[in-house]
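Coordinates in review
Listed below, chain by chain, are the residues.
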Amino acid sequence: METLSQNTSFGGTQGVYRHASTACNCDMTFAVYLPPQAKLEPVPALWYLSGLTCTHENAMTKAALQEHAARRGVAVIYPDTSPRGEGVADDEDYALGQGAGFYVNATQSPWAAHFQMYDYVLNELPALIAKNFPINGMRGITGHSMGGHGALTLALNNPDIFTSVSAFAPIGNPTGSDWGRVQLGAYLGGDETTWQAHDATLLLGKKGWPRDVLIDQGTSDQFLDLLKPEALSAALAAARIPSTFRMQDGYDHSYYFVSTFAADHLDWHADRLAI
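In short, a report on the structure.

Rules used in this analysis
- Residues numbered from 1 in each chain as written.
- Predicted model: local features only at pLDDT ≥ 70, side-chain atom pairs only at ≥ 80, totals over all residues.
- Heavy atoms only, no water.
- Salt bridge = Lys/Arg side-chain N within 4 Å of Asp/Glu carboxyl O.
- Helix = DSSP H or I, 4+ residues; strand = E, 2+ residues; numbered from the N terminus.
- Buried < 20%, exposed > 50% of the residue type's maximum accessible area, 1.4 Å probe, protein only.
- Polar contact = N/O pair within 3.5 Å; in protein donor to acceptor, adjacent residues only side chain to side chain.
- Contact = heavy atoms within 4.5 Å.
- Patch = residues over 30% accessible without salt bridge, like charges linked within 9 Å, V, L, I, M, F, W, Y side chains within 5 Å.
- Areas by Shrake-Rupley, 256 points an atom, 1.4 Å probe, with all protein chains shown as cover.
- Lys, Arg positive; Asp, Glu negative; His and termini not counted.
- Charge placed at Lys NZ, Arg CZ, Asp CG, Glu CD.

A word on the pattern of salt bridges
In the structure shown here, the tally under the stated rule is nine salt bridges. Where Asp267 meets Arg72, a salt bridge forms, and the shortest distance between an N and an O atom there is 3.2 Å. In this pair, Asp267 is assigned in helix H9 (residues 255-273) and Arg72 in helix H2 (residues 66-72), connecting sequence segments 195 residues apart. Using a relative accessible area of 31% as the deciding quantity, one classes Arg72 as partly exposed. With a shortest N-O distance of 3.0 Å, Asp264 and Arg246 are connected by a salt bridge. Residue Asp264 is found in helix H9, and its partner Arg246 is found in strand S9 (residues 243-248); the two are separated by 18 residues along the sequence. Given the relative accessible area of 34%, Asp264 is considered partly exposed. Salt bridges linked by common partners bring Arg71, Arg72, Asp267 and Asp271 together as one network.

Written out as C-alpha cells, the structure is:
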C-alpha cells in the first residue's frame, strides 16, 4: 500500500492511498479519514460509496463528513467507483465503464477482467484497511446515487457484515430504470434473474432487512425518473421495515444536497455503530 497524501483535518487524518488490487486486477486508489479518537483505540467505520463519474475524491472534498466524523469518533472510507488505468475497459457513455462500476462483479467480456467491485468493496479493501488502520469490526455503509444503490444492495445481501445502512438519492430500482438495465445487462448478461441481487427494491421484498434504514431524496432532483424513489419507498413499506424516507424540498442531485444532510447520516450511523 502506497500513501499518496495525508492531511490533518479536525484533529484527525485525511489520507489517500493506492494499492494493487487482486479483485480488480489493477491499481486502485481509496481514501480514509481517521478521527482523532483513532489515536487512542480502534474506531468503527462508515463506508461511503460514490456515484457515476466520481472517484474517491468527490465525497472526500465535497460531502463535509470529516467534521462530523471527528465529533463522533467514526472513520470514513471512500473507495473509488471502478477500476481504472491502461487496459481497463471503458465506454463513451459516462454511465458505463470507468467511473461506473455499479458495485457488481461483472461476468461479461470485456468487463469481467477488472470490474469486480462487489468483491472489492465487500472483501478485499476491508481486509486491507483492517490490516493497516485502527478500525474495529463495526461497519456501516452509505452512498450517493449509484453509490446509494451499492450501499443498499451490499447491506441487504450482507446484514451480518453491515450494522447500518443509509443512502442519499439512491438508484432504488435499477432493473426498472435506464440507470441500471443498460449497465446490469452489459456487466451481467441478458439473464435478468442475475440482476435481482443488485436491485434494492427487489431485495427488500425477497430478503428484507433486520434493522432500520435512512434515505434522503431531493424533490428537485433532475434524475428522479431514473432513481425511482417511489419504488424503493413502497418496497420498504411493503416489507414493514422501520425506515425514515425523507423527500427534501427543493434539493437537487448535487453535493450541496449531500453535504446539507451529511451530519444527519453520520450521527445516525454513529448511534448504531456504538459498541
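So that's the structure; there's more coming.
Description of the side chain of Thr142
Along the chain, Thr142 turns up in strand S6 (residues 135-143). A distance of 2.8 Å separates the side chain of Thr142 from the side chain of Ser166, its partner in a polar contact. For Thr142, the contacting residues outside a window of four places in its chain are Leu46, Trp47, Tyr48, Leu49, Gly147, Ala151, Ser166, Ala167, Phe168, His265 and His269.

Remarks on a negative patch on the surface
Among the surface-exposed residues, Asp90, Asp91, Glu92 and Asp93 lie close enough to one another that they form a single negatively charged patch. By the element assignment, Asp91 lies in the loop between strand S5 (75-78) and helix H3 (117-132). Exposure remark for Asp91: the relative accessible area of 34% places this residue in the partly exposed category.

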